[in-house]
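# Residue-level structure breakdown
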Amino acid sequence: MGRATAFLRTLIVVAALAAGALAPAAAADITKQTLAISGRDRAYYLYVPDSAKGADAPVLLLLHGSGGNGLDIASLWKDKADCEGIVLVAPDAWRNDAWRPKDDTPHVLGTMINDAATHTGVDFRRLYLFGQSGGAVYALLLAMIESRAFAAMAIHAGSWRAPSDFKMIALATRRMPLKIIIGDQDEYFSLASVRQTEDALKKVGFPIAVEIVPGQHHGFNSETAAGTEESAWAFLKDKALDAPPVFTDYGP
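Residues numbered from 1 in each chain as written. Predicted model: local features only at pLDDT ≥ 70, side-chain atom pairs only at ≥ 80, totals over all residues. Heavy atoms only, no water.

With that settled, consider the overall build of the protein. Assigned secondary structure in the protein consists of 6 helices and 8 strands. In sequence order, the secondary structure elements of the protein are arranged as α-β-β-β-α-β-α-β-α-β-β-α-β-α. Burial statistics for the protein: of 252 residues in total, 54% are counted as buried. Residue pairs at least 24 apart in sequence account for 78% of intrachain contacts in the protein once pairs closer than 6 positions are excluded. Counting only carbon and sulfur atoms, one obtains 54% of the accessible surface of the protein, whose full area is about 10,500 Å². (Helix = DSSP H or I, 4+ residues; strand = E, 2+ residues; numbered from the N terminus. Buried < 20%, exposed > 50% of the residue type's maximum accessible area, 1.4 Å probe, protein only. Contact = heavy atoms within 4.5 Å. Areas by Shrake-Rupley, 256 points an atom, 1.4 Å probe, with all protein chains shown as cover.)

Two elements, strand β1 (residues 30-37) and strand β2 (residues 40-47), share 8 bridges in a ladder whose sense is antiparallel. Among the inter-strand pairings, alanine 36 is bridged to a residue of β2, identified as aspartate 41. Between β1 and β2, which pair antiparallel and follow one another directly, the connecting turn spans 2 residues, one of which, serine 38, has a positive phi of 55°. (Pairing = 2+ DSSP bridges.)

Glancing now at the nonpolar core. Grouped together as the largest cluster of nonpolar side chains are 51 residues, with contacts concentrated most on Met144, Met153, Leu178 and Leu201. By residue number, the principal contributor to this core is helix α4 (residues 134-145), which donates 9 residues. With sequence-adjacent residues up to four places away left out, methionine 144 is seen in contact with Trp160, Met168, Ile169, Leu171, Ala172, Leu178, Leu201 and Phe206. (Core = buried A, V, L, I, M, F, W, Y, C linked by side-chain atoms within 4.5 Å.)

This next bit is on the sheet that holds strand β6 (residues 152-156). Judged by pairing direction, the sheet is mixed, and its 8 strands sit side by side in the order β1-β2-β4-β3-β5-β6-β7-β8 without closing on themselves. Only two strands of the sheet have a single partner each, and these edge strands are β1 and β8 (208-213). For this sheet, the mean inter-axis angle between neighbouring strands, taken without regard to orientation, is 20°. Across the sheet, helix α3 (residues 106-116) touches β1, β2, β3 (57-63), β4 (87-91) and β5 (122-132), and the angle it forms with β1 is around 130°. Across the sheet, helix α5 (residues 191-203) lies against β7 (178-183) and β8, angled at about 165° from β8, the strand it touches most. (Axes fitted to C-alpha atoms, helices over the stretch in contact; angles between N-to-C directions.)

A word on the pattern of salt bridges. One pass over the full model with this rule turns up 12 salt bridges. Linking aspartate 50 and lysine 53 is a salt bridge whose minimum nitrogen-to-oxygen distance equals 3.0 Å. The exposed category is assigned to aspartate 50, whose relative accessible area is 54%. On the accessibility criterion, lysine 53 (22% relative accessible area) is partly exposed. For the salt bridge of lysine 202 with glutamate 198, the shortest nitrogen-to-oxygen distance reads 3.2 Å. Here glutamate 198 and lysine 202 lie together in helix α5, a separation of 4 residues that amounts to about one turn. (Salt bridge = Lys/Arg side-chain N within 4 Å of Asp/Glu carboxyl O.)

A few words now on the side chain of aspartate 104. Structurally, aspartate 104 can be placed in the loop between β4 and α3. Contact partners of aspartate 104, with chain neighbours within four places excluded, come to Arg42, Asp92, Ala93, Trp94, Ala98, Trp99, Leu109 and Tyr138.

To find the voids left in a structure, one rolls a probe of water-molecule size over its atoms. Considering only enclosed or pocket space, the largest pocket measures out at about 180 Å³ in volume. What lines the largest pocket is Ser66, Ala98, Trp99, Pro101, Gly134, Val137, Tyr138, Leu141, Trp160, Ser164, Asp165 and Met168. For the lining of the largest pocket, the class distribution of residues is 8 nonpolar, 3 polar and 1 charged. (1 Å grid on protein atoms, 1.4 Å probe; cavity = no way out; pocket = protein on both sides within 12 Å on 5 of 7 lines; lining within 4 Å. Points joined across faces, edges and corners; volume = space filled by probe spheres on them. Nonpolar A, V, L, I, M, F, W, Y, C, P; charged D, E, K, R; others polar.)

Moving on: helix α6 (residues 225-236). Between its first and last C-alpha atoms α6 spans 16 Å; for 12 residues at 1.5 Å apiece the expected length is 16 Å, and the two agree. Of all the residues in α6, the buried ones are Ala225, Thr228, Glu229, Ser231, Ala232, Trp233, Phe235 and Leu236. Against β3, α2 (70-84), β5, β6, β7 and β8 lie the buried residues of α6. (Expected span 1.5 Å × (residues − 1).)

Moving on to the side chain of threonine 228. Structurally, the position occupied by threonine 228 is in helix α6. Residue threonine 228 is classed as buried on the basis of its relative accessible area, which comes to 3%. A distance of 3.0 Å separates a polar atom in the side chain of threonine 228 from the backbone oxygen of threonine 224. When neighbours within four sequence positions are excluded, threonine 228 is seen to be in contact with Phe130, His156, Ile181, Gln216 and Phe220. (Polar contact = N/O pair within 3.5 Å; in protein donor to acceptor, adjacent residues only side chain to side chain.)

Turning to its location among the elements, asparagine 96 is positioned in the loop between β4 and α3. Separated by 31 residues in the primary sequence, asparagine 96 and glycine 65 place their C-alpha atoms 8.2 Å from one another. Excluding anything up to four places from it in sequence, asparagine 96 contacts His64, Gly65, Ser66, Gly67 and Gly68.

Next up, the structure:
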């Protein structure tokens, strides 16, 4: 628990500083940030729109799909961030074919979020998750093990499929609001798996919404992003933690 306690102390200090006069980012552009975390150089992409500078802005952690990267998903969210004043934090997975708990730990992601808060004022009670495809599956895991760190989660084109996935529900100490958005033509995640995920979470009291988009396939691109982001942000934006965030580091 030492690392988790240290992270929480840092989180509280940064949240307090964010309420004051932190220097805003120099320009409204997506920038690559590199940090040494646990002996590795890790990269994430930060976007602080002009509409978020100098304010306690909401933060959206973006988890890209398998084979993708942080820059691609941040670029797709950029217009929405401009409109809504959202700070985007988009990590690169250690290996871009999949998110792995032993490599892309909550400690790694939390360190990136803390670093983002040194660039602009943020509201840690409005820290949100969005994941796509493989990133959606990992976001579901984070929503269970970090249920008191994130206010809410929305995912696109993902669900649980393996029986072992559902065991993660037992780790949640808070019933985080969740939304799944998926096309009825998704090639990788069946509607049956989405409904199974929905039913399992509802059974234990999670507030969860499912949106099925007619004719939509699996991909998240310039054709599908705007509608997905509109729906996801409409769900997320009014959710907030009622207490300071609590991070629990479960280790690899």
